[in-house]
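Coordinate analysis (summary)
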Amino acid sequence: MATQICGAAPADFGARRIGAGLYEGEVYMRGSKQVVDVLNDVLAAELLAVSQYFMHSKLNRNRGFMRLADVLQRESNDEMSHAGRVTERILFLEGTPEPRMKDNPKVGETVTEQMQNDLALEHRAVKRLNEGIAIARQQGDNASAELFTRILTDEEEHIAWIQTQLFLIEKLGESTYLQSQLTSGGDAGTAAPTGAAAKGG
Ligand SMILES: [Fe+2]
Ligand SMILES: [Fe+2]
């Protein structure tokens, strides 16, 4: 049965190399299995975020809140960009992308519920990414730690934007806030997403 080896192959590794990262009788992976496991957890969460923002965007577009729908679609694009970069990192480390979705998208009925669900999702992402940074550094994988850090910066921007919207909703009331979201264009509220997708990355 194949044995999985984590980290660099030892200097006296005697098995015959048979392909990219593969050794006869054993499976050699360029990266740490622990880091690849975290990358797969992050990948599953990013794909969940893609779906949740996508659904919230479509819901608001259907209700005529085009400006808000546009911003939420950009948020979804940001999360897709994260999922893409995480998948590429897993493949570079010669791991297998196998996201295991532990949750379903949580679609809110009102815009306040939507923002609260998205905020909870982002807070979980920040916790997961900070843990991932610690694991990657402990495994000596600074490039994965850097990737997690770049994604973390985007998620913090997403959180700032949601908090601004919740503040505006609280101050103006939901119906007044939504009146400002009818027309496409602009960034819904201040501190709009400026993450990977918004930057074209
Ligand atoms: Fe993300
Ligand atoms: Fe996010």
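Preceding this paragraph is the structure being described.
Quick look at the structure, then. (Residues numbered from 1 in each chain as written. Chains lettered and ligands numbered in written order. Predicted model: local features only at pLDDT ≥ 70, side-chain atom pairs only at ≥ 80, totals over all residues. Heavy atoms only, no water.)

Focus: the side chain of Gln52
Position of Gln52 among the secondary structure elements: in helix H1 (residues 33-62). A distance of 3.4 Å separates the side chain of Gln52 from the backbone oxygen of Asn117, its partner in a polar contact. A polar contact is formed between the side chain of Gln52 and the side chain of Asp118, at a distance of 2.8 Å. Sequence-distant contacts of Gln52, defined by excluding residues within four places in its chain, comprise Pro105, Lys106, Asn117, Asp118 and Leu121. (Helix = DSSP H or I, 4+ residues; strand = E, 2+ residues; numbered from the N terminus. Polar contact = N/O pair within 3.5 Å; in protein donor to acceptor, adjacent residues only side chain to side chain. Contact = heavy atoms within 4.5 Å.)

Notes on the packing of aromatic side chains
If you walk through the whole model with that rule in mind, you get 0 aromatic pairs. Lying over the aromatic face of Phe92, Arg30 brings its terminal NZ or CZ to 4.7 Å of the ring centre. (Phe/Tyr/Trp six-rings, centres within 6.5 Å; stacked < 30°, edge-to-face > 60°. Lys NZ or Arg CZ within 6 Å of the ring centre and 35° of its normal.)

Some details on the nonpolar core
Ranked by size, the top nonpolar core spans 35 residues in total, and within it Leu39, Leu68, Val86, Met115, Phe148, Trp161 and Ile162 carry the most contacts. For this core, the element with the highest residue contribution is helix H4 (residues 142-172), accounting for 10 residues. Apart from the residues lying within four places of it in its own chain, the contact partners of Val86 are Leu39, Val42, Leu43, Leu147 and Ile151. (Core = buried A, V, L, I, M, F, W, Y, C linked by side-chain atoms within 4.5 Å. Buried < 20%, exposed > 50% of the residue type's maximum accessible area, 1.4 Å probe, protein only.)

Considerations on the coordination of the iron ion (ligand 1)
For the iron ion (ligand 1), the full set of protein donor atoms is Glu46 (OE), Glu46 (OE), Glu79 (OE), His82 (ND1) and Glu155 (OE), at a range of 1.9 to 2.7 Å. Between the donor residues of the iron ion (ligand 1), the gaps in sequence give the motif E-x32-E-x2-H-x72-E. Metal-to-metal, the separation of the iron ion (ligand 1) and the iron ion (ligand 2) is 3.9 Å; Glu79 coordinates the two. You can see Glu46 sitting in helix H1 and its partner Glu155 sitting in helix H4, a full 109 residues away along the chain. Classification of Glu46 as buried rests on a relative accessible area of 4%. (Donors = N, O, S within 2.8 Å, 3.2 Å for Na, K, Ca; no water.)

Observations concerning the coordination of the iron ion (ligand 2)
Taken together, Glu79 (OE), Glu122 (OE), Glu122 (OE), Glu155 (OE) and His158 (ND1) make up the full set of protein donors to the iron ion (ligand 2), lying 2.0 to 2.5 Å away. On the primary sequence, the residues serving as donors to the iron ion (ligand 2) are separated as E-x42-E-x32-E-x2-H.

Some details on the pattern of salt bridges
For the coordinates displayed, the defined rule picks out 10 salt bridges. The salt bridge involving Asp37 is made with Lys33; its shortest N-O contact spans 3.0 Å. Of the two residues, Asp37 and Lys33 are both situated in helix H1; the distance of 4 residues between them amounts to about one turn of the helix. Note on Asp37: relative accessible area 35%, which makes it partly exposed. Note that Arg89 is salt-bridged to Asp141, the shortest N-O span being 2.9 Å. (Salt bridge = Lys/Arg side-chain N within 4 Å of Asp/Glu carboxyl O.)

Here we look at the packing of H1 against helix H3 (residues 111-138)
With their axes 10 Å apart at the nearest point, H1 and H3 run at an angle of 165 degrees to one another. For the element pair H1 / H3, the angle class is roughly antiparallel. In terms of crossing hand, the pair formed by H1 and H3 is left-handed. Partitioned by chemical class, the residues of the contact of H1 with H3 number 12 nonpolar, 8 polar and 5 charged. (Axes fitted to C-alpha atoms, helices over the stretch in contact; angles between N-to-C directions. Parallel < 35°, antiparallel > 145°, perpendicular 65-115°, else oblique. Left-handed = near helix turned anticlockwise from the far one by under 90°. Nonpolar A, V, L, I, M, F, W, Y, C, P; charged D, E, K, R; others polar.)

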